[in-house]
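# Residue-level structure breakdown
Below are the chains, spelled out letter by letter.
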Amino acid sequence: MLIGELAARTGTTTRALRYYEEQGLLESARTPSGYRVYSPHAVTRVGNVRDLLASGFTVENVKSFVRYLDTDLPEVFEYSPSCADGYVVGAQRVAELQEKIVALTRLHDTLVHRMPWLATPGDAAPEEVA
């Protein structure tokens, strides 16, 4: 899909999309005529990047998160022919939960840093949170 279509699907501007690309948060290919072309998963990526930036994460934090999502996670299970499908589903679920835990932990730390009164007794002191 072209940049205009991606902008329409995600409710953002082409300028913001070009910024995301310049910062390394989004990737595109170029057609022979020079147009930017994005893969279908770019819609989800733009939504995630926009939400993280709006939540107060820095571009560097978002880059780290995006790099984490792009890396293959280590195999969680050994596959066997008899139950390979069950293992695949389990491994995908574990990977999804790990991603959610990381994202929620960072969000929690950011919120506690900005609003110390939200901290619970087990939380680190706000100045200790990076």
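Further up the page is the structure itself.
Presented here is an overview of the structure given in this document. For clarity, every value in this text was computed on a predicted model and none was experimentally measured.

## As for the overall build of the protein
A tally of regular secondary structure across the protein gives 5 helices and 2 strands. Helices and strands in the protein line up, N terminus first, as α-α-β-β-α-α-α. Excluding contacts between residues fewer than 6 apart, the proportion of contacts in the protein whose partners are at least 24 apart in sequence is 49%. When the accessible surface of the protein is split by element, carbon and sulfur atoms take 57% of a total near 8800 Å².

## A short note on a nonpolar patch on the surface
Nonpolar side chains collect at one region of the surface, where Leu111, Trp117 and Leu118 lie side by side and expose about 340 Å² of accessible area between them. Inspection of the secondary structure puts Leu111 in helix H5 (residues 84-114). Taking relative accessible area as the criterion, Leu111 reaches 34% and is therefore assigned partly exposed.

## Focus on the nonpolar core
Judged by nonpolar contacts, the single largest core of 19 residues is most densely connected at Leu6, Leu17, Tyr20, Leu26, Tyr38 and Val62. In this structure Leu26 touches Leu6, Leu17, Tyr20, Glu21, Tyr38, Ala42, Arg45 and Val46, once residues within four positions along its chain are discounted.

## Things to note about the environment of Ser55
Looking at where Ser55 falls in the secondary structure, it is placed in the loop between helix H3 (42-54) and helix H4 (59-70). Residue Ser55 is classed as partly exposed on the basis of its relative accessible area, which comes to 31%. Sequence separation of Ser55 and Leu107 is 52 residues, and the distance between their C-alpha atoms is 7.6 Å. The residues contacting Ser55, other than those within four sequence positions of it, are Leu107, Thr110 and Arg114.

## Quick notes on the pattern of salt bridges
When the charged atoms of two side chains lie near each other, side chains of opposite charge can form a pair. Summed over the entire model, instances satisfying the criterion amount to 3 salt bridges. Ionic pairing is found between Arg9 and Glu5, a salt bridge with its closest N-O pair at 2.8 Å. Here Arg9 pairs with Glu5, and both are found in helix H1 (residues 3-10), just 4 residues apart, close to one helical turn. With relative accessibility at 52%, the residue Arg9 sits in the exposed group. You can call Glu5 partly exposed: its relative accessible area is 36%.

## Details of the side chain of Thr12
By secondary structure assignment, the location of Thr12 is in the loop between H1 and helix H2 (14-22). With a relative accessible area of 16%, Thr12 lands in the buried category. Other than its neighbours up to four places away in sequence, Thr12 contacts Ala7, Leu17, Val46 and Arg50.

## So, empty space enclosed by the protein
Applying the stated rule across the entire model yields 1 cavity of 30 Å³ or more. When its volume is computed, the largest cavity comes out at roughly 40 Å³. Around the largest cavity sit Leu52, Phe57, Asn61, Val62, Phe65, Ala103 and Arg106, which together line it. Among the secondary structure elements, those contributing two or more residues to the lining of the largest cavity are H4 and H5. Here the lining of the largest cavity takes 3 residues from H4, the largest share from any one element.

Conventions we followed
- Residues numbered from 1 in each chain as written.
- Predicted model: local features only at pLDDT ≥ 70, side-chain atom pairs only at ≥ 80, totals over all residues.
- Heavy atoms only, no water.
- Helix = DSSP H or I, 4+ residues; strand = E, 2+ residues; numbered from the N terminus.
- Contact = heavy atoms within 4.5 Å.
- Areas by Shrake-Rupley, 256 points an atom, 1.4 Å probe, with all protein chains shown as cover.
- Patch = residues over 30% accessible without salt bridge, like charges linked within 9 Å, V, L, I, M, F, W, Y side chains within 5 Å.
- Salt bridge = Lys/Arg side-chain N within 4 Å of Asp/Glu carboxyl O.
- Buried < 20%, exposed > 50% of the residue type's maximum accessible area, 1.4 Å probe, protein only.
- Core = buried A, V, L, I, M, F, W, Y, C linked by side-chain atoms within 4.5 Å.
- 1 Å grid on protein atoms, 1.4 Å probe; cavity = no way out; pocket = protein on both sides within 12 Å on 5 of 7 lines; lining within 4 Å.
- Points joined across faces, edges and corners; volume = space filled by probe spheres on them.

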